[in-house]
2 protein chains.
Amino acid sequence: MISIFALEGIPEIAPGDDLAAIIAGAAAGALIDGDILVVTSKIVSKAEGRIVRAPDREQAITEQTVRLVASKPHAHGTGVTRIVENPQGLVLAAAGVDASNTPEGTVLLLPEDPDASARAIAAGLRERTGKRVGVIISDTLGRPWRLGQIDLAIGAAGVHVFDDLRGRTDSAGRTLEVTITATADELAAATDLVKGKTSGRPVAVVRGLPEVVTELDAPGARSIVRSSADDLFSLGTREAFEAGVAEGLRRAGVTP
Amino acid sequence: MISIFALEGIPEIAPGDDLAAIIAGAAAGALIDGDILVVTSKIVSKAEGRIVRAPDREQAITEQTVRLVASKPHAHGTGVTRIVENPQGLVLAAAGVDASNTPEGTVLLLPEDPDASARAIAAGLRERTGKRVGVIISDTLGRPWRLGQIDLAIGAAGVHVFDDLRGRTDSAGRTLEVTITATADELAAATDLVKGKTSGRPVAVVRGLPEVVTELDAPGARSIVRSSADDLFSLGTREAFEAGVAEGLRRAGVTP
(Lines give C-alpha, C1' and ligand atoms only; values in the text may rest on other atoms or scores of the structure.)
Protein backbone atom coordinates (compact mmCIF):
# COMPACT_ATOMS: atom_id res chain seq x y z
CA MET A 1 0.00 0.00 0.00
CA ILE A 2 1.38 3.39 -0.94
CA SER A 3 -0.06 6.83 -0.38
CA ILE A 4 0.59 9.92 -2.44
CA PHE A 5 -0.16 13.42 -1.27
CA ALA A 6 0.74 16.90 -2.39
CA LEU A 7 2.32 19.35 0.00
CA GLU A 8 0.19 22.43 0.57
CA GLY A 9 1.52 25.91 1.08
CA ILE A 10 4.49 25.98 -1.28
CA PRO A 11 4.72 29.69 -2.19
CA GLU A 12 5.67 31.18 -5.54
CA ILE A 13 9.38 30.41 -5.92
CA ALA A 14 11.96 33.12 -6.71
CA PRO A 15 15.61 32.91 -7.74
CA GLY A 16 17.84 32.02 -4.80
CA ASP A 17 15.10 30.39 -2.74
CA ASP A 18 16.25 27.40 -0.66
CA LEU A 19 13.92 24.66 -1.89
CA ALA A 20 14.93 22.16 0.78
CA ALA A 21 14.02 24.68 3.48
CA ILE A 22 10.74 25.58 1.80
CA ILE A 23 9.75 21.94 1.25
CA ALA A 24 10.73 20.95 4.79
CA GLY A 25 8.64 23.87 6.04
CA ALA A 26 5.62 22.86 3.97
CA ALA A 27 5.96 19.26 5.17
CA ALA A 28 5.89 20.58 8.74
CA GLY A 29 7.57 17.61 10.37
CA ALA A 30 5.40 15.06 8.60
CA LEU A 31 8.12 13.37 6.52
CA ILE A 32 9.23 9.88 7.53
CA ASP A 33 12.11 7.61 6.53
CA GLY A 34 11.54 6.18 3.06
CA ASP A 35 9.41 9.04 1.74
CA ILE A 36 10.08 10.05 -1.87
CA LEU A 37 9.45 13.68 -2.81
CA VAL A 38 8.69 14.47 -6.42
CA VAL A 39 9.35 18.11 -7.27
CA THR A 40 8.10 19.76 -10.46
CA SER A 41 11.08 21.01 -12.49
CA LYS A 42 9.49 24.43 -12.90
CA ILE A 43 10.09 25.45 -9.29
CA VAL A 44 13.63 24.06 -9.40
CA SER A 45 14.31 26.20 -12.46
CA LYS A 46 12.88 29.24 -10.74
CA ALA A 47 14.92 28.70 -7.56
CA GLU A 48 18.04 28.27 -9.67
CA GLY A 49 17.40 31.49 -11.58
CA ARG A 50 16.92 29.76 -14.91
CA ILE A 51 14.68 32.61 -16.05
CA VAL A 52 16.41 34.35 -18.93
CA ARG A 53 15.51 37.38 -21.01
CA ALA A 54 14.49 36.07 -24.38
CA PRO A 55 12.40 38.32 -26.56
CA ASP A 56 12.59 35.49 -29.09
CA ARG A 57 11.63 32.11 -27.64
CA GLU A 58 12.87 30.38 -30.79
CA GLN A 59 16.36 31.69 -30.12
CA ALA A 60 16.23 30.29 -26.57
CA ILE A 61 15.20 26.90 -27.97
CA THR A 62 18.10 26.98 -30.43
CA GLU A 63 20.51 27.70 -27.59
CA GLN A 64 19.18 24.72 -25.64
CA THR A 65 19.44 22.39 -28.64
CA VAL A 66 22.26 19.89 -28.91
CA ARG A 67 20.69 18.07 -31.84
CA LEU A 68 17.52 18.56 -33.88
CA VAL A 69 15.58 15.29 -33.77
CA ALA A 70 12.39 16.16 -35.65
CA SER A 71 10.23 19.12 -36.53
CA LYS A 72 6.73 19.74 -37.76
CA PRO A 73 4.75 22.78 -38.76
CA HIS A 74 2.44 24.15 -36.08
CA ALA A 75 -1.11 22.90 -36.39
CA HIS A 76 -2.32 26.51 -36.48
CA GLY A 77 -0.47 29.54 -37.71
CA THR A 78 3.16 29.83 -38.61
CA GLY A 79 6.34 28.32 -37.29
CA VAL A 80 7.44 24.81 -36.46
CA THR A 81 7.56 22.68 -33.34
CA ARG A 82 11.05 21.34 -32.83
CA ILE A 83 11.73 18.06 -31.03
CA VAL A 84 15.34 18.29 -29.91
CA GLU A 85 17.96 16.65 -27.75
CA ASN A 86 18.87 19.05 -24.97
CA PRO A 87 22.15 19.32 -23.04
CA GLN A 88 20.92 16.75 -20.48
CA GLY A 89 20.27 14.20 -23.25
CA LEU A 90 16.51 14.55 -22.96
CA VAL A 91 14.55 14.43 -26.21
CA LEU A 92 11.65 16.82 -25.90
CA ALA A 93 9.58 19.48 -27.61
CA ALA A 94 10.96 23.02 -27.63
CA ALA A 95 13.98 21.89 -25.58
CA GLY A 96 11.82 22.28 -22.49
CA VAL A 97 11.87 26.06 -22.87
CA ASP A 98 8.75 27.33 -21.13
CA ALA A 99 7.30 30.70 -22.03
CA SER A 100 3.92 30.22 -20.39
CA ASN A 101 4.78 30.72 -16.76
CA THR A 102 7.21 33.59 -16.81
CA PRO A 103 7.01 37.37 -17.09
CA GLU A 104 6.58 38.79 -20.58
CA GLY A 105 9.88 38.81 -22.47
CA THR A 106 11.44 36.00 -20.45
CA VAL A 107 11.49 32.23 -20.67
CA LEU A 108 12.20 29.49 -18.18
CA LEU A 109 14.89 26.91 -18.98
CA LEU A 110 15.11 23.43 -17.46
CA PRO A 111 17.56 23.02 -14.55
CA GLU A 112 21.12 22.83 -15.83
CA ASP A 113 21.87 19.56 -14.02
CA PRO A 114 18.65 18.09 -12.62
CA ASP A 115 20.43 15.21 -10.87
CA ALA A 116 22.63 17.70 -9.03
CA SER A 117 19.54 19.76 -8.18
CA ALA A 118 17.86 16.63 -6.80
CA ARG A 119 20.94 15.77 -4.74
CA ALA A 120 21.07 19.26 -3.24
CA ILE A 121 17.39 19.15 -2.31
CA ALA A 122 17.63 15.60 -0.93
CA ALA A 123 20.75 16.41 1.09
CA GLY A 124 19.09 19.54 2.47
CA LEU A 125 15.94 17.64 3.37
CA ARG A 126 17.86 14.81 5.04
CA GLU A 127 19.85 17.32 7.06
CA ARG A 128 16.85 19.41 8.08
CA THR A 129 14.45 16.57 8.83
CA GLY A 130 16.81 13.79 9.88
CA LYS A 131 14.77 11.50 7.63
CA ARG A 132 16.15 9.28 4.89
CA VAL A 133 14.13 10.61 1.93
CA GLY A 134 14.63 10.49 -1.83
CA VAL A 135 13.99 13.23 -4.36
CA ILE A 136 12.86 13.13 -7.98
CA ILE A 137 12.56 16.13 -10.27
CA SER A 138 9.76 15.69 -12.78
CA ASP A 139 8.92 17.23 -16.10
CA THR A 140 5.93 16.82 -18.39
CA LEU A 141 6.93 15.13 -21.63
CA GLY A 142 5.27 14.03 -24.84
CA ARG A 143 6.15 10.76 -26.51
CA PRO A 144 6.01 9.00 -29.86
CA TRP A 145 3.11 6.67 -30.67
CA ARG A 146 0.82 7.94 -27.92
CA LEU A 147 -1.17 11.13 -27.48
CA GLY A 148 -1.03 13.20 -24.34
CA GLN A 149 1.83 13.89 -22.01
CA ILE A 150 2.89 12.25 -18.77
CA ASP A 151 5.29 13.31 -16.07
CA LEU A 152 8.66 11.56 -16.07
CA ALA A 153 11.86 11.83 -14.01
CA ILE A 154 14.53 14.22 -15.29
CA GLY A 155 16.46 14.34 -12.01
CA ALA A 156 16.82 11.94 -9.09
CA ALA A 157 18.85 11.49 -5.93
CA GLY A 158 18.62 8.93 -3.16
CA VAL A 159 16.32 6.64 -5.13
CA HIS A 160 16.84 3.54 -7.22
CA VAL A 161 15.78 4.85 -10.61
CA PHE A 162 15.52 1.32 -12.02
CA ASP A 163 14.24 -1.98 -10.73
CA ASP A 164 16.30 -4.53 -12.60
CA LEU A 165 14.26 -7.71 -12.86
CA ARG A 166 16.46 -9.54 -15.31
CA GLY A 167 16.87 -13.15 -14.36
CA ARG A 168 14.29 -12.93 -11.59
CA THR A 169 11.33 -15.27 -11.60
CA ASP A 170 7.66 -14.60 -11.20
CA SER A 171 5.42 -16.02 -8.47
CA ALA A 172 5.24 -19.32 -10.35
CA GLY A 173 9.00 -19.64 -10.71
CA ARG A 174 9.19 -18.70 -14.38
CA THR A 175 11.95 -16.41 -15.61
CA LEU A 176 10.67 -12.93 -16.41
CA GLU A 177 10.84 -11.65 -19.94
CA VAL A 178 10.38 -8.05 -18.85
CA THR A 179 13.68 -6.77 -17.74
CA ILE A 180 14.11 -3.32 -16.24
CA THR A 181 11.39 -1.13 -14.75
CA ALA A 182 12.00 2.63 -14.86
CA THR A 183 10.81 3.13 -11.28
CA ALA A 184 11.67 6.83 -11.17
CA ASP A 185 9.49 7.49 -14.20
CA GLU A 186 6.59 5.58 -12.63
CA LEU A 187 6.99 7.64 -9.45
CA ALA A 188 6.95 10.90 -11.40
CA ALA A 189 3.87 9.82 -13.36
CA ALA A 190 2.09 8.73 -10.18
CA THR A 191 2.56 12.06 -8.42
CA ASP A 192 1.19 14.06 -11.34
CA LEU A 193 -2.17 12.52 -10.40
CA VAL A 194 -2.19 14.62 -7.20
CA LYS A 195 -0.08 17.59 -8.22
CA GLY A 196 -2.09 18.55 -11.27
CA LYS A 197 -1.01 21.36 -13.52
CA THR A 198 -3.36 24.08 -12.37
CA SER A 199 -3.34 23.65 -8.64
CA GLY A 200 -0.18 25.32 -7.39
CA ARG A 201 0.97 22.06 -5.80
CA PRO A 202 4.44 21.45 -7.24
CA VAL A 203 5.65 18.91 -4.67
CA ALA A 204 4.17 15.54 -3.80
CA VAL A 205 5.23 12.76 -1.46
CA VAL A 206 5.11 9.03 -2.19
CA ARG A 207 5.01 7.03 1.01
CA GLY A 208 5.27 3.26 1.29
CA LEU A 209 8.23 2.38 -0.93
CA PRO A 210 11.19 2.65 1.48
CA GLU A 211 13.05 -0.05 -0.50
CA VAL A 212 13.33 2.43 -3.39
CA VAL A 213 15.22 4.96 -1.24
CA THR A 214 18.99 4.64 -1.19
CA GLU A 215 22.24 6.61 -0.93
CA LEU A 216 22.46 10.09 -2.43
CA ASP A 217 25.27 9.13 -4.79
CA ALA A 218 23.31 6.36 -6.55
CA PRO A 219 22.89 6.86 -10.32
CA GLY A 220 20.45 9.64 -11.13
CA ALA A 221 17.84 10.15 -13.83
CA ARG A 222 20.53 10.82 -16.39
CA SER A 223 21.04 7.04 -16.41
CA ILE A 224 17.50 6.64 -17.80
CA VAL A 225 18.46 8.53 -20.95
CA ARG A 226 19.07 6.18 -23.86
CA SER A 227 22.05 7.33 -25.93
CA SER A 228 21.04 8.27 -29.46
CA ALA A 229 23.58 5.75 -30.79
CA ASP A 230 21.57 2.96 -29.15
CA ASP A 231 18.20 4.40 -30.11
CA LEU A 232 16.12 2.96 -32.94
CA PHE A 233 14.25 6.29 -33.07
CA SER A 234 17.08 8.78 -32.80
CA LEU A 235 15.73 10.84 -35.69
CA GLY A 236 12.27 11.75 -36.95
CA THR A 237 10.94 9.60 -39.79
CA ARG A 238 10.83 12.47 -42.27
CA GLU A 239 14.31 13.67 -41.33
CA ALA A 240 15.78 10.17 -41.63
CA PHE A 241 14.01 9.61 -44.95
CA GLU A 242 15.33 12.90 -46.36
CA ALA A 243 18.85 12.06 -45.21
CA GLY A 244 18.43 8.74 -47.01
CA VAL A 245 17.26 10.43 -50.22
CA ALA A 246 20.35 12.63 -50.17
CA GLU A 247 22.51 9.58 -49.60
CA GLY A 248 20.82 7.71 -52.46
CA LEU A 249 21.41 10.63 -54.83
CA ARG A 250 25.02 10.84 -53.65
CA ARG A 251 25.56 7.14 -54.32
CA ALA A 252 24.09 7.60 -57.78
CA GLY A 253 26.53 10.40 -58.42
CA VAL A 254 23.84 13.07 -58.48
CA THR A 255 24.43 16.29 -56.57
CA PRO A 256 21.20 16.98 -54.66
CA MET B 1 -4.33 12.30 -1.26
CA ILE B 2 -4.58 9.03 -3.10
CA SER B 3 -3.83 5.53 -1.96
CA ILE B 4 -2.81 2.60 -4.10
CA PHE B 5 -2.96 -1.00 -2.97
CA ALA B 6 -2.74 -4.36 -4.64
CA LEU B 7 -5.48 -6.93 -4.17
CA GLU B 8 -4.25 -10.08 -2.50
CA GLY B 9 -5.46 -13.57 -3.27
CA ILE B 10 -5.98 -13.39 -7.04
CA PRO B 11 -5.42 -17.01 -8.09
CA GLU B 12 -3.74 -18.24 -11.26
CA ILE B 13 -6.19 -17.36 -14.05
CA ALA B 14 -7.42 -19.93 -16.58
CA PRO B 15 -9.36 -19.56 -19.85
CA GLY B 16 -13.03 -18.82 -19.21
CA ASP B 17 -12.51 -17.40 -15.72
CA ASP B 18 -14.86 -14.54 -14.80
CA LEU B 19 -12.40 -11.78 -13.89
CA ALA B 20 -15.06 -9.44 -12.51
CA ALA B 21 -16.20 -12.17 -10.11
CA ILE B 22 -12.63 -13.05 -9.11
CA ILE B 23 -11.63 -9.40 -8.58
CA ALA B 24 -14.81 -8.64 -6.63
CA GLY B 25 -14.09 -11.68 -4.49
CA ALA B 26 -10.51 -10.61 -3.82
CA ALA B 27 -11.69 -7.10 -2.95
CA ALA B 28 -14.05 -8.65 -0.42
CA GLY B 29 -16.48 -5.77 -0.19
CA ALA B 30 -13.75 -3.14 0.19
CA LEU B 31 -14.35 -1.24 -3.07
CA ILE B 32 -15.94 2.18 -2.89
CA ASP B 33 -17.37 4.62 -5.42
CA GLY B 34 -14.61 6.25 -7.44
CA ASP B 35 -12.07 3.43 -7.12
CA ILE B 36 -10.05 2.68 -10.24
CA LEU B 37 -8.85 -0.89 -10.74
CA VAL B 38 -5.78 -1.44 -12.86
CA VAL B 39 -5.57 -4.99 -14.18
CA THR B 40 -2.42 -6.47 -15.72
CA SER B 41 -3.14 -7.49 -19.31
CA LYS B 42 -1.62 -10.91 -18.76
CA ILE B 43 -4.51 -12.14 -16.64
CA VAL B 44 -7.03 -10.68 -19.06
CA SER B 45 -5.34 -12.56 -21.89
CA LYS B 46 -5.41 -15.77 -19.88
CA ALA B 47 -9.09 -15.39 -18.95
CA GLU B 48 -9.91 -14.74 -22.59
CA GLY B 49 -8.04 -17.84 -23.72
CA ARG B 50 -5.44 -15.90 -25.69
CA ILE B 51 -2.95 -18.72 -25.14
CA VAL B 52 -2.16 -20.22 -28.53
CA ARG B 53 0.02 -23.11 -29.59
CA ALA B 54 3.06 -21.64 -31.23
CA PRO B 55 6.14 -23.77 -31.49
CA ASP B 56 7.64 -20.76 -33.27
CA ARG B 57 7.24 -17.52 -31.34
CA GLU B 58 8.48 -15.54 -34.35
CA GLN B 59 5.52 -16.82 -36.36
CA ALA B 60 3.12 -15.65 -33.63
CA ILE B 61 4.73 -12.21 -33.69
CA THR B 62 4.34 -12.06 -37.48
CA GLU B 63 0.66 -12.90 -37.16
CA GLN B 64 0.19 -10.09 -34.62
CA THR B 65 2.01 -7.56 -36.81
CA VAL B 66 0.08 -4.99 -38.80
CA ARG B 67 3.19 -3.01 -39.70
CA LEU B 68 6.89 -3.44 -39.02
CA VAL B 69 8.14 -0.22 -37.38
CA ALA B 70 11.77 -1.05 -36.58
CA SER B 71 14.02 -4.00 -35.91
CA LYS B 72 17.41 -4.63 -34.41
CA PRO B 73 19.64 -7.65 -33.95
CA HIS B 74 19.45 -9.26 -30.52
CA ALA B 75 22.18 -8.08 -28.18
CA HIS B 76 23.23 -11.70 -27.64
CA GLY B 77 22.87 -14.59 -30.02
CA THR B 78 20.87 -14.73 -33.20
CA GLY B 79 17.60 -13.23 -34.35
CA VAL B 80 16.14 -9.76 -34.30
CA THR B 81 13.84 -7.84 -31.99
CA ARG B 82 10.93 -6.43 -33.97
CA ILE B 83 9.10 -3.28 -32.92
CA VAL B 84 5.72 -3.49 -34.62
CA GLU B 85 2.30 -1.93 -34.77
CA ASN B 86 -0.20 -4.49 -33.56
CA PRO B 87 -3.90 -4.82 -34.45
CA GLN B 88 -4.86 -2.44 -31.59
CA GLY B 89 -2.56 0.27 -32.95
CA LEU B 90 -0.01 -0.19 -30.18
CA VAL B 91 3.62 0.10 -31.16
CA LEU B 92 5.58 -2.39 -29.10
CA ALA B 93 8.33 -4.98 -29.06
CA ALA B 94 7.46 -8.48 -30.27
CA ALA B 95 3.82 -7.43 -30.81
CA GLY B 96 3.25 -8.06 -27.12
CA VAL B 97 3.59 -11.81 -27.68
CA ASP B 98 4.68 -13.26 -24.35
CA ALA B 99 6.44 -16.60 -24.19
CA SER B 100 7.75 -16.30 -20.65
CA ASN B 101 4.64 -17.03 -18.66
CA THR B 102 3.01 -19.82 -20.57
CA PRO B 103 3.43 -23.58 -20.90
CA GLU B 104 6.21 -24.78 -23.20
CA GLY B 105 5.14 -24.58 -26.85
CA THR B 106 2.53 -21.89 -26.29
CA VAL B 107 2.53 -18.10 -26.24
CA LEU B 108 0.20 -15.51 -24.76
CA LEU B 109 -1.26 -12.83 -27.03
CA LEU B 110 -2.57 -9.46 -25.85
CA PRO B 111 -6.35 -9.18 -25.41
CA GLU B 112 -8.04 -8.81 -28.78
CA ASP B 113 -9.94 -5.66 -27.78
CA PRO B 114 -8.59 -4.37 -24.44
CA ASP B 115 -11.18 -1.57 -24.21
CA ALA B 116 -13.96 -4.13 -24.58
CA SER B 117 -12.26 -6.31 -21.97
CA ALA B 118 -12.09 -3.34 -19.61
CA ARG B 119 -15.77 -2.54 -20.21
CA ALA B 120 -16.79 -6.11 -19.45
CA ILE B 121 -14.78 -6.17 -16.22
CA ALA B 122 -16.01 -2.71 -15.16
CA ALA B 123 -19.63 -3.58 -15.92
CA GLY B 124 -19.30 -6.84 -13.99
CA LEU B 125 -17.69 -5.09 -11.03
CA ARG B 126 -20.31 -2.33 -10.96
CA GLU B 127 -23.07 -4.91 -11.05
CA ARG B 128 -21.55 -7.14 -8.39
CA THR B 129 -20.41 -4.43 -5.99
CA GLY B 130 -22.93 -1.66 -6.67
CA LYS B 131 -19.95 0.73 -6.74
CA ARG B 132 -19.11 3.16 -9.52
CA VAL B 133 -15.59 1.96 -10.35
CA GLY B 134 -13.37 2.37 -13.38
CA VAL B 135 -11.07 -0.22 -14.96
CA ILE B 136 -7.76 0.12 -16.78
CA ILE B 137 -5.88 -2.74 -18.42
CA SER B 138 -2.12 -2.20 -18.26
CA ASP B 139 0.81 -3.53 -20.18
CA THR B 140 4.55 -3.05 -19.73
CA LEU B 141 6.01 -1.12 -22.65
CA GLY B 142 9.40 0.16 -23.73
CA ARG B 143 9.83 3.56 -25.32
CA PRO B 144 12.19 5.53 -27.52
CA TRP B 145 14.78 7.83 -25.95
CA ARG B 146 14.57 6.30 -22.48
CA LEU B 147 15.79 3.04 -21.00
CA GLY B 148 13.58 0.78 -18.96
CA GLN B 149 9.92 0.00 -19.31
CA ILE B 150 6.88 1.45 -17.59
CA ASP B 151 3.30 0.28 -17.39
CA LEU B 152 0.81 2.11 -19.60
CA ALA B 153 -2.91 1.79 -20.34
CA ILE B 154 -3.89 -0.45 -23.25
CA GLY B 155 -7.55 -0.73 -22.24
CA ALA B 156 -9.88 1.49 -20.23
CA ALA B 157 -13.55 1.76 -19.29
CA GLY B 158 -15.37 4.11 -16.98
CA VAL B 159 -12.41 6.48 -16.66
CA HIS B 160 -11.43 9.74 -18.32
CA VAL B 161 -8.29 8.61 -20.12
CA PHE B 162 -7.22 12.23 -20.73
CA ASP B 163 -7.28 15.40 -18.67
CA ASP B 164 -7.54 18.14 -21.26
CA LEU B 165 -5.98 21.27 -19.83
CA ARG B 166 -5.89 23.32 -23.01
CA GLY B 167 -6.95 26.87 -22.35
CA ARG B 168 -6.98 26.41 -18.60
CA THR B 169 -4.91 28.67 -16.41
CA ASP B 170 -2.51 27.87 -13.63
CA SER B 171 -2.82 29.05 -10.03
CA ALA B 172 -1.48 32.47 -11.04
CA GLY B 173 -3.96 32.89 -13.87
CA ARG B 174 -1.54 32.20 -16.72
CA THR B 175 -2.62 30.07 -19.65
CA LEU B 176 -1.05 26.62 -19.58
CA GLU B 177 1.31 25.57 -22.30
CA VAL B 178 0.98 21.92 -21.45
CA THR B 179 -2.15 20.64 -23.03
CA ILE B 180 -3.39 17.11 -22.47
CA THR B 181 -2.41 14.75 -19.67
CA ALA B 182 -2.68 11.03 -20.41
CA THR B 183 -4.26 10.25 -17.06
CA ALA B 184 -4.87 6.57 -17.83
CA ASP B 185 -1.17 6.07 -18.54
CA GLU B 186 -0.22 7.78 -15.29
CA LEU B 187 -2.65 5.53 -13.41
CA ALA B 188 -1.18 2.41 -15.01
CA ALA B 189 2.37 3.53 -14.22
CA ALA B 190 1.43 4.34 -10.62
CA THR B 191 -0.03 0.92 -9.91
CA ASP B 192 3.03 -0.91 -11.20
CA LEU B 193 4.76 0.47 -8.10
CA VAL B 194 2.64 -1.84 -5.93
CA LYS B 195 1.90 -4.67 -8.33
CA GLY B 196 5.46 -5.48 -9.21
CA LYS B 197 6.30 -8.11 -11.75
CA THR B 198 7.29 -10.94 -9.47
CA SER B 199 4.70 -10.78 -6.75
CA GLY B 200 1.60 -12.44 -8.14
CA ARG B 201 -0.43 -9.27 -7.57
CA PRO B 202 -1.94 -8.48 -10.97
CA VAL B 203 -4.67 -6.09 -9.79
CA ALA B 204 -4.28 -2.81 -7.93
CA VAL B 205 -6.76 -0.18 -6.79
CA VAL B 206 -6.25 3.59 -6.98
CA ARG B 207 -8.45 5.38 -4.45
CA GLY B 208 -8.94 9.12 -4.19
CA LEU B 209 -9.57 10.22 -7.76
CA PRO B 210 -13.36 9.86 -8.09
CA GLU B 211 -13.42 12.74 -10.61
CA VAL B 212 -11.57 10.47 -13.05
CA VAL B 213 -14.35 7.86 -12.98
CA THR B 214 -17.10 8.27 -15.56
CA GLU B 215 -19.57 6.38 -17.73
CA LEU B 216 -18.60 3.03 -19.20
CA ASP B 217 -19.04 4.22 -22.77
CA ALA B 218 -16.49 7.04 -22.50
CA PRO B 219 -13.57 6.80 -24.95
CA GLY B 220 -11.16 4.00 -24.05
CA ALA B 221 -7.40 3.61 -24.22
CA ARG B 222 -7.56 3.20 -27.97
CA SER B 223 -8.02 6.97 -28.08
CA ILE B 224 -4.51 7.37 -26.61
CA VAL B 225 -2.98 5.73 -29.67
CA ARG B 226 -1.48 8.29 -32.03
CA SER B 227 -2.16 7.36 -35.64
CA SER B 228 1.01 6.64 -37.57
CA ALA B 229 0.03 9.31 -40.11
CA ASP B 230 0.28 11.93 -37.34
CA ASP B 231 3.41 10.47 -35.81
CA LEU B 232 6.84 12.03 -36.32
CA PHE B 233 8.36 8.67 -35.33
CA SER B 234 6.21 6.24 -37.27
CA LEU B 235 9.22 4.35 -38.57
CA GLY B 236 12.62 3.44 -37.13
CA THR B 237 15.47 5.74 -38.12
CA ARG B 238 17.35 3.05 -40.03
CA GLU B 239 14.21 1.88 -41.83
CA ALA B 240 13.28 5.44 -42.83
CA PHE B 241 16.83 6.17 -43.95
CA GLU B 242 16.94 3.02 -46.09
CA ALA B 243 13.59 3.88 -47.66
CA GLY B 244 15.06 7.30 -48.42
CA VAL B 245 18.15 5.80 -50.04
CA ALA B 246 15.94 3.68 -52.30
CA GLU B 247 13.90 6.76 -53.18
CA GLY B 248 17.06 8.75 -53.93
CA LEU B 249 18.35 6.02 -56.23
CA ARG B 250 14.94 5.83 -57.91
CA ARG B 251 14.91 9.57 -58.51
CA ALA B 252 18.39 9.32 -59.99
CA GLY B 253 17.15 6.63 -62.35
CA VAL B 254 19.19 3.90 -60.69
CA THR B 255 17.54 0.58 -59.94
CA PRO B 256 18.56 -0.30 -56.37
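Keep in mind that what you see is a predicted model, and the values were worked out from it rather than measured.

A. Quick look at the interface of chain A and chain B. The partner chain B presents 85 residues to the 85 residues of chain A that form the contact. Together chain A and chain B conceal approximately 7300 Å² of surface at their shared face, both sides included; 60% is due to carbon and sulfur atoms. Considering only the side of chain A, the residues that lose the most area to chain B are W145(A), R146(A) and L193(A), jointly responsible for 12% of the buried surface there. Linking chain A with chain B are 4 salt bridges, by the criterion used here. At the junction of chain A and chain B, the tally comes to 34 residue pairs in polar contact (both at pLDDT 80 or more). Elements with a minimum of two residues in the side of chain A that touches chain B: strand 1 (2-6), strand 4 (67-73), strand 8 (134-143), strand 9 (146-157), strand 11 (180-181), helix 5 (183-195) and helix 6 (237-251) of chain A. The element that contributes the greatest number of residues to the side of chain A that touches chain B is helix 6 of chain A, accounting for 10 residues. Taken together, the residues that form the side of chain A that touches chain B break down as 42 nonpolar, 23 polar and 20 charged. As paired strands, strand 1 of chain A and strand 1 (residues 2-6) of chain B are joined by 3 bridges and run antiparallel to one another.

B. Up close: the sheet that holds strand 5 (residues 80-85) of chain A. Residue and element names in this part refer to chain A. Spatial strand order, 4-5-6: 3 strands in an open sheet with antiparallel pairing. The open sheet has two free edges, formed respectively by strand 4 and strand 6 (91-93), since each of these has just one partner strand. Across the sheet, the axes of successive neighbouring strands diverge by a mean angle of 20°, strand direction being ignored.

C. Fine view of the nonpolar core. Membership of the largest hydrophobic core comes to 69 residues, with the highest contact counts inside it found for I23(A), L37(A), L125(A), I23(B), L37(B) and L125(B). By size, the runner-up hydrophobic cluster in this structure holds 46 residues, among which are V212(A), I4(B), V161(B) and A190(B).

About the cut-offs
Residues numbered from 1 in each chain as written. Chains lettered and ligands numbered in written order. Predicted model: local features only at pLDDT ≥ 70, side-chain atom pairs only at ≥ 80, totals over all residues. Heavy atoms only, no water. Contact = heavy atoms within 4.5 Å. Buried area = accessible area lost by both parts, 1.4 Å probe. Salt bridge = Lys/Arg side-chain N within 4 Å of Asp/Glu carboxyl O. Polar contact = N/O pair within 3.5 Å; in protein donor to acceptor, adjacent residues only side chain to side chain. Helix = DSSP H or I, 4+ residues; strand = E, 2+ residues; numbered from the N terminus. Nonpolar A, V, L, I, M, F, W, Y, C, P; charged D, E, K, R; others polar. Pairing = 2+ DSSP bridges. Axes fitted to C-alpha atoms, helices over the stretch in contact; angles between N-to-C directions. Core = buried A, V, L, I, M, F, W, Y, C linked by side-chain atoms within 4.5 Å. Buried < 20%, exposed > 50% of the residue type's maximum accessible area, 1.4 Å probe, protein only.

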